[in-house]
Structure formats: structure tokens, C-alpha cells
Amino acid sequence: MSGAELHAVFDVAAWGGAAIAMWWLSRRRGLQFPRQSFELPYIAALLFGAGIGAYIFGTLNLWFSGMAGVARSVEGALAGGIAAIELYKWRHGISLRTGARFALPLAIGVAVGRLGCYFAGLEDFTYGTPTTLPWRHDFGDGVLRHPVQLYESLAMAAFAAFYVWAVLNRNAAVITNGFYLVLFYYGLQRFLWEFIKPYGPLIGPFSLFHLLSLFVMIYATVMLATAPNVSLKHERAAA
């Protein structure tokens, strides 16, 4: 199979893993999520914003790195989805926080999807810079690089394991604020990995995705800092 075909296989697997995570959460006794996050207009706004953000930021990063073409970005999809949902909630007067049920699906989706980026090789433009570390990888051009896709995959898999532990232990604070926790965690680890990627700098040493990571972390920090206190009552976690 070609790199693009392998990438497509893992993209499907990522969506499948996210769907299974969502199904598993729906089966947990006493665990509830806001009904607004299940409504079709909400889902449509989320998918539209994520799609637009994925292509806008992925393509801009490509151009800033001196390359032509069109590209997609997971972090761009996150930023676009956040903007679209916040606009949707403002437009419909929704003050309730609605992202909690997406925490585990997001972590699993990224963990699996990044494997596709790894197997796609050079054409995916998600590899790292050259390194002499023992686990360096040749993506096909004879240059040994950081397999940064695997770093991100392992990091998000670790968060997924932590979140599953929190659910099994009925940790209401983690469950309720899980989406903002995973956003902050994703933004932080992504910010670090950007230093070992070959992307063109935009401001000083920082690439577009450094700045986008900061946006994601700031948004998550504000939401966590203003989150209401949560306690688990009668074995029910309203998320």
C-alpha cells in the first residue's frame, strides 16, 4: 500500500476508535453529557468549523514553510471547531459547557490518526528534524529524523489511559472538565514537538502551529479557571 492509502486506513481507524470511545462512554452507568452536544445542528457546526480550520491552517503552514499545495491539520481542525462551537453557542444562547463527551474520542482519534501520518512518510510533511537518537527513522530519503508522529501518538494515548482511569473511578472533576484538560495537554505537547519539526518560522523561532498551540492552551486555561465546582452525587457525573 502507498503512504496515502495507509494514511487513509488509519484515518478511518481513528474515526472508528473515536466512535467506540463515545459509545463506551454512553454505556457507563450514571454518566451524562449535555443533550446539546448530541443535536444535529451542533454536530454540523462542529464538523464545518473543524473542516474549515483543518484546511486553512494546514495550507497556511505549508505556504509559510515554502511549499505549495493544500494540506490539513489536526490542530487547525481543533481551533476551527472551537471557534465554530463557541459562535454556535453564542448565537443560540447556550451557556452550558458542551464539550465533555469529546475528550476521550479526541485523545484516541489523534493517537490512532498520527500512526497514519507516520506510515505516510515524507509526503505527509509531519515528520521531525534530523536526529542521532537511537529511535530515529528514515522516512525514505536517507535522512534519519525524529518520528515525531509517534511522540504525539504516545502522548495522546497516555491521556486516553488517564481519562479511562478517571471514568472508572468516577472522578467527576476530570470527566466534566475532560475536554479542556485534553485541549491543554494537546496544545502543550504539540507546542514542544513543534521545535523538532521542519516548519517555517512565523514569529521569531515560532511556527504557525506554535502560535496555534498557545491559542488552544490559553482557551483551555480560561475555561478550566472559570469552571464551576463539580462533585459526584449519587454516582452520577453530569458532564
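About the cut-offs
- Residues numbered from 1 in each chain as written.
- Predicted model: local features only at pLDDT ≥ 70, side-chain atom pairs only at ≥ 80, totals over all residues.
- Heavy atoms only, no water.
- UniProt positions renumbered as here; feature names shortened; annotations may be inferred.
- Helix = DSSP H or I, 4+ residues; strand = E, 2+ residues; numbered from the N terminus.
- Rg over C-alpha atoms; globule rule 2.2 N^0.38 Å.
- Buried < 20%, exposed > 50% of the residue type's maximum accessible area, 1.4 Å probe, protein only.
- Patch = residues over 30% accessible without salt bridge, like charges linked within 9 Å, V, L, I, M, F, W, Y side chains within 5 Å.
- Areas by Shrake-Rupley, 256 points an atom, 1.4 Å probe, with all protein chains shown as cover.
- Salt bridge = Lys/Arg side-chain N within 4 Å of Asp/Glu carboxyl O.

Named according to an unreviewed UniProt entry, the protein is Phosphatidylglycerol:prolipoprotein diacylglycerol transferase originating from Bradyrhizobium elkanii. Regarding the protein, the relevant UniProt record gives this comment under Sequence similarities (unreviewed entry): "Belongs to the Lgt family."

**Points about the overall build of the protein**
Along its length, the protein carries 8 helices and 6 strands. Of the regular secondary structure in the protein, the N- to C-terminal order runs α-β-α-α-α-β-β-α-α-α-β-β-α-β. Scaling as 2.2 N^0.38, a compact globule of 239 residues should have a C-alpha radius of gyration of about 18 Å, and the protein matches this with 18 Å. Counting only C-alpha atoms, the protein reaches 60 × 35 × 30 Å along its principal axes. For the protein, buried positions account for 48% of its 239 residues.

**Notes on a nonpolar patch on the surface**
A cluster of nonpolar side chains, namely Phe 48, Ile 52 and Ile 56, defines an oily patch on the protein surface of about 310 Å² accessible area. Counting through the fold element by element, Ile 56 comes out in helix α2 (residues 40–64).

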